[in-house]
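Here is what each chain is made of, one letter per residue.
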Amino acid sequence: MKLMIAVAATLTLGASPALAQTKPVLGPNGFGGLKLGMSLEQARTTGTKKIDGGADGCSGWDLKKYPTGKDAVGLYISPKVGVAAFYAPKTAKTPEGVAIGTAKSQLTKAYPHIKQDVHGFWVTTVPGNQKAYYSFTVLHGKVKEFGIALKKQDCFN
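Residues numbered from 1 in each chain as written. Predicted model: local features only at pLDDT ≥ 70, side-chain atom pairs only at ≥ 80, totals over all residues. Heavy atoms only, no water.

Chemist: Looking at this structure, how should I read the packing of aromatic side chains?
Modeler: The relative placement of two aromatic rings is captured by the distance of their centres and the angle of their planes. Using the criterion set out here, one finds seven aromatic pairs in the structure. Look at Y76 and F156: their rings are 5.9 Å apart centre to centre, the planes differ by 55 degrees, and that puts the pair in the tilted class. Taken together, the residues span a long stretch of sequence, with Y76 in strand β5 (residues 75-78) and F156 in the segment after β10 (142-150) at a distance of 80 residues. A centroid spacing of 5.6 Å and a plane angle of 35 degrees characterise the contact between Y111 and F136, whose relative ring orientation is tilted. (Phe/Tyr/Trp six-rings, centres within 6.5 Å; stacked < 30°, edge-to-face > 60°. Helix = DSSP H or I, 4+ residues; strand = E, 2+ residues; numbered from the N terminus.)

Shown next as structure tokens:
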């Protein structure tokens, strides 16, 4: 399970508690009105825009409200399984409160069954959605980026 394209994101350290509480939530089934498994036709109605990028027949998309910038993709849509994966915008958090900038110790506390895969990503089944997994990149002891994907996605390995 490899995170295909990294979303460049940073967290402003020292953010106020009010700001932290207003972060949009990625998971357990999607992000905002966009849900894992949603068809391409359904996804088009939720504020997405197609961008260059994609792998193995999948197309790369962005949420208009959260553009990823050059050489990055916000989500992948598969012709077979629909919305296959999302990458967290810099302002997002998981329902368990993990966000970009979260310490690795807090990540492992939030997800006690998390394991590092062969590619170096920290991966765990999404609480509340056994059909999906979270994948976290940890650098210098903090979450650098993360995403959610269907276990049966066919856009990357």
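Chemist: In this structure, what is going on with the sheet that holds strand β9 (residues 129-139)? I would like to understand it.
Modeler: Pairing between the strands of a sheet comes from backbone hydrogen bonds, and it takes one of two forms, parallel or antiparallel. The eight strands are arranged β3-β4-β5-β6-β10-β9-β8-β7 in an open sheet whose pairing can be described as antiparallel. Both edges of this open sheet fall to β3 (48-50) and β7 (115-116), since each of them pairs with a single strand only. Direction of pairing for strand β4 (residues 59-63) relative to β5: antiparallel, over a ladder of three bridges. Within the sheet, the bridge partner assigned to G60 lies in β5 and is Y76. (Pairing = 2+ DSSP bridges.)

Chemist: Mind showing me how you'd approach the nonpolar core here?
Modeler: Nonpolar side chains tend to gather and get buried jointly when the protein is soluble and globular. Core analysis: the largest hydrophobic core is formed by 42 residues, its most contacted members being V83, F86 and F136. Counting only elements with at least two residues in this core, the list comes to β4, β5, β6 (82-87), β8 (122-126), β9 and β10. Not counting the four nearest positions on each side in its chain, F86 is found in contact with L26, G30, F31, L34, K35, L36, G74, L75, G147 and I148. (Core = buried A, V, L, I, M, F, W, Y, C linked by side-chain atoms within 4.5 Å. Buried < 20%, exposed > 50% of the residue type's maximum accessible area, 1.4 Å probe, protein only. Contact = heavy atoms within 4.5 Å.)

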